[in-house]
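Chain residues, written in single-letter form:
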Amino acid sequence: MFPDLAGRRALVTGGTRGIGRSVVLGLAQAGATVVVGHQRQTEDAESLRRELKDTGGDHLLVQADVADPAQIGELLEATGTHLGGLDIVVNSVGTISHVPYAQLPLEAWTQVLATNLTATHLVTQGALALLGDSGSVINIGSGAGLVGVPLRAHYTAAKTGLIGLTRSLSKELGGRGIRVNLVSPGVIETDQAAGMPDAARAAYTNRIPLGRLGEAHEVAAVVLFLASDVSSYVNGATFTVDGGI
Ligand SMILES: NC(=O)c1ccc[n+]([C@@H]2O[C@H](COP(=O)([O-])OP(=O)(O)OC[C@H]3O[C@@H](n4cnc5c(N)ncnc54)[C@H](OP(=O)(O)O)[C@@H]3O)[C@@H](O)[C@H]2O)c1
């Protein structure tokens with residue numbers, strides 16, 4: 001189904017669960033060698049390690065909290081040592097909370113901005129030396145960043161920031177053969193959606209023309225397209241994957 005990514009080297013942040021995990025497995029199944037960033041040692045991390053082993057490649061999981069710039073440095077160093085360079089960077093890491101704006105503590109604002117926006121900047125900037133003069137950077141935004149959502153001012157500010165970051169970098173880095181694009185998922189069946197109250201799930205389903213939430217692999221499919229040469233003339237674009245909501 002997907003182009004051959006044999007020989008390609010990829011870094012995926014937030015790769016042990018949800019959308020990032022689907023991206024990691026899709027890249028590995030397409031033949032790429034993947035370094036996976038994640039925050040905690042969990043059963044999810046262990047099971048991914050096992051699943052990756054079955055794909056046969058020499059993949060690596062690296063525990064690094066991307067809210068800490070020093071740990072991003074360690075993640076990039078481990079990536080360089082393991083892969084020797086990079087062809088694909090997928091900034092999938094993200095975190096969310098729901099807080100009334102009037103009560104939003106600076107700490108929550110700072111943490112959500114650091115994980116969703118600053119981490120994407122620092123990972124991408126740090127990856128430039130490994131990318132050299134070609135490559136594909138894919139940032140994972142959110143449909144929420146395109147429309148705004150109550151109680152998510154901090155999250156949507158970060159996700160909207162990714163649009164500006166993506167578009168500016170597509171122009172600044174395009175000249176050296178690096179494409180930068182954004183994928184904005186709608187409501188996707190991940191751990192986050194699993195905790196959604198029935199009423200909220202029904203309200204979303206009613207508003208989605210396709211009549212259902214999305215699956216992580218349906219977002220990963222677009223990421224794989226952008227990672228491959230099939231999308232060689234796509235740069236600075238935002239792809240919504242949201243069932244048409
Ligand atoms: N799910 C949706 O409906 C939806 C909709 C729109 C946009 N998105 C965006 O899509 C991306 C993936 O979302 P998801 O729902 O698939 O994610 P998820 O299931 O919540 O998984 C998050 C991943 O990020 C890692 N992570 C979280 N905080 C981290 C940190 N500080 N440092 C390093 N790793 C960290 C987690 O690792 P651990 O397991 O080790 O904590 C996990 O691998 C995010 O950017 C999100 O904003 C999701």
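Up top is the structure these notes are about.
All of the points below concern the structure found in this document. These numbers were taken from a predicted model, which means no experiment stands behind them. (Residues numbered from 1 in each chain as written. Predicted model: local features only at pLDDT ≥ 70, side-chain atom pairs only at ≥ 80, totals over all residues. Heavy atoms only, no water.)

**What to know about the environment of I72**
This is how the line gets drawn: Counting from the N terminus, the helices are DSSP H or I runs at least four residues long and the strands are E runs at least two residues long. By the convention used here, residues are in contact when the closest approach between their heavy atoms is within 4.5 Å.
Following the sequence through the fold, I72 ends up in helix α3 (residues 69–83). Residues I72 and G37 lie 35 residues apart in sequence; the distance between their C-alpha atoms is 9.2 Å. Beyond its immediate chain neighbours, meaning those up to four positions away, I72 contacts V66, A119, L122 and V123.

**Looking at the sheet that holds strand β4 (residues 88–91)**
Our working rule: One requirement defines pairing of two strands: DSSP has to find at least two bridges between them. The angle between two axes is taken between their N-to-C directions and runs from 0 to 180 degrees, where each axis is a line fitted to C-alpha atoms and a helix contributes only its stretch in contact.
Spatial ordering of the open sheet is given by β3-β2-β1-β4-β5-β6-β7, a layout of seven strands whose pairing is parallel. Both outer strands of the open sheet, β3 (60–63) and β7 (238–241), are each paired with one neighbouring strand and no more. Recorded for the sheet is a direction-independent mean angle of 15° between the axes of neighbouring strands. In terms of strand pairing, β4 meets strand β5 (residues 135–140) through four bridges, oriented parallel. Of the residues in β5, the one forming a bridge with I88 is S136. In the packing of helix α2 (residues 43–55) onto the sheet, contacts are made with β2 (33–38) and β3, and the angle to β3 comes to roughly 160°. Lying on the sheet, helix α9 (residues 216–227) is in contact with β4, β5, β6 (178–185) and β7; it crosses β6 at an angle near 170°.

**What to know about the site of the ligand**
Selection rule: For this purpose, a residue is taken to be near a molecule or strand whenever a single non-hydrogen atom of the residue falls within 4 Å of it. What qualifies as a polar contact is a pair of N or O atoms within 3.5 Å, subject to a donor-acceptor requirement within protein and to the restriction that residues adjacent in sequence count only when both atoms come from side chains. Only the protein chains shown count as cover for residues, and the accessible areas themselves come from Shrake-Rupley with a 1.4 Å probe. Three classes are used, and their members are as follows: Ala, Val, Leu, Ile, Met, Phe, Trp, Tyr, Cys and Pro are nonpolar, Asp, Glu, Lys and Arg are charged, and the others, Gly among them, are polar.
Every one of the 26 residues lining the ligand counts as a neighbour, but T16, R17, I19, R40 and Y155 are closest to it. Side-chain polar atom of T16 to an oxygen atom of the ligand: 2.7 Å apart, as the coordinates give it. A distance of 3.5 Å is found between a nitrogen atom of the ligand and a backbone nitrogen or oxygen belonging to A64. Within the complex, the protein chains bury 95% of what would otherwise be the 910 Å² of accessible surface of the ligand. For the shell around the ligand, the secondary-structure elements that each account for two or more residues are α1 (18–29) and α6 (153–173). Looking at side-chain class alone, the shell around the ligand contains nine nonpolar, 13 polar and four charged residues.

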